[in-house]
Amino acid sequence: MRFALIAICFLFIGCQNDAEVNDEVTGNLMEIEPSQAELDEIALVEQPQTVQDFFAVDNDIIGDDFCYDYNSISQLILYGNDSNEEWKQFEVSDNYLTAYHSECNVLLEFMTFELDGEKRAFLSQMNKDNQQFNYLNWNSRTKRWNKLNRYPLPVLSEYFDGLDLEETQLVNEYGSDNIYINPKTESATYIFSERSMLMNMGEKQELEFEKKPSYHYELSTAEDRLTLTQISIFSATETNESFVVGYVNLDQPSGTFNANYEALLTALKDENVNDQTLPYGANDFEAYFPSDTFDLRAMQQIGQADSYWFYEKGKTPLALSANEDIAIIIQRAKAYFEAEAE
């Protein structure tokens, strides 16, 4: 009987301890903080579709040759944190995203579009000397982008007219072009880089090449496949004598430049101006219009900043920084074109 009572006591005490333990566990909830990846996923849901599409590009596609760092750029784009010294500038529109790395002088561009019922994208990473351009296809199963290796490319020597055999060999061996994304027309433009060719020739001082390109190429997404069209720089004839060049600084593009440029052209529509935009230093500071080639080295006085160049035959050109208020720029431009020739 004594052993039975002892056993009952032990069972009673054991049950009491278990109850105390259970009360203690259920009475104290442990708080687990979400990881940064989980926070990013939450923040990404609130972002525009273009941003969500951009972050669906895998890092192995982006690579590591253009200073890309996920932590830095996600802080900038998802949280607006540009306090670091890396990715400093970010703009986004309906189908276009751009970011800028100040220290590495890298411009990153991403544009989505639809081609033959499928979602596609262009991804460009560019600094002063190099560019990585990718053509991407959306995988609806994995919700990620796949890299497409085949897309139309110009033959380098076909940027020119009248090359002899030696010049053709020089262009094909040392030549280079750049691709500039056009979000308004959902297209891209190939431009032969004279500067890159000279750099690639390097110390081969015995080699000379003075020919100017006769064409650029437009890569259109308007059809059911990518279409590459050769555009003559000089073939057309013009009757107007007024010109505008929007100079875009590749190192630090202005987020409002396109909108201001469009407003400027709208205000000047009665002046019958012929216009184009160029990246800073393109074509060795020359602007090619169908009837004329203009030397824009004077724009270096403004420095590497978005700017405008105005010219009417018979007048001294007018150069303005795009940092001024657009209303003032329009006012000065209209006054320039409406003034009598000198």
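Nothing here was measured: the structure is a model prediction, and the numbers come from that model.

## Regarding the sheet that holds strand E6 (residues 144-148)
And then number 1: Overall, antiparallel pairing links the six strands, which are arranged E1-E2-E3-E4-E5-E6 in an open sheet. Both outer strands of the open sheet, strand E1 (87-92) and E6, are each paired with one neighbouring strand and no more. Going across the sheet, the axis of each strand differs from the next one's by a mean of 25°, ignoring polarity.
And then number 2: Across five bridges, the pairing between E1 and strand E2 (residues 96-101) is antiparallel. Residue pairing for E2: Val92 is matched across the bridge by Leu97.
And then number 3: Where helix H5 (residues 70-79) meets the sheet, its contacts fall on E1, E2 and strand E3 (106-115), and the angle it forms with E1 comes to roughly 50°.

## Notes on the pattern of salt bridges
Between side chains of opposite charge, a pair can form when the charged atoms approach closely.
And then number 1: According to the stated counting rule, one finds eleven salt bridges in the structure shown.
And then number 2: A salt bridge links Arg120 to Glu118; its shortest N-O distance comes to 3.2 Å.
And then number 3: Note on Arg120: relative accessible area 13%, which makes it buried.
And then number 4: Judged by relative accessible area, Glu118 falls into the partly exposed class, the value being 37%.
And then number 5: Of the charged contacts in the structure, one is a salt bridge between Glu167 and Lys211, with a shortest N-O distance of 3.1 Å.

What counts, and where the lines are drawn
Per chain, residue numbering runs from 1 following the sequence as it is written. At least 70 in pLDDT is required for a residue's local features to be given in this predicted model, at least 80 for side-chain atom pairs to be given and counted, and no such filter applies to totals for whole chains, interfaces and linings, which use all residues. As a rule here, side-chain values come from all non-hydrogen atoms in the structure, and water together with hydrogens is ignored. One requirement defines pairing of two strands: DSSP has to find at least two bridges between them. Starting at the N terminus, helices and strands are each numbered in turn, a helix being any DSSP run of H or I of at least four residues and a strand any DSSP run of E of at least two. Lines fitted to the C-alpha atoms define the axes, with helices restricted to the stretch that makes contact. Angles between their N-to-C directions range from 0 to 180 degrees. Here a residue-residue contact requires only that any non-hydrogen atoms of the pair lie within 4.5 Å. By definition, a salt bridge exists where a carboxyl oxygen of Asp or Glu is found within 4 Å of a side-chain nitrogen of Lys or Arg. Summary of the burial criterion: residues with accessible area below 20% of their type's maximum are buried, those above 50% are exposed, and those between are partly exposed, where the area comes from a 1.4 Å probe applied to protein chains only.

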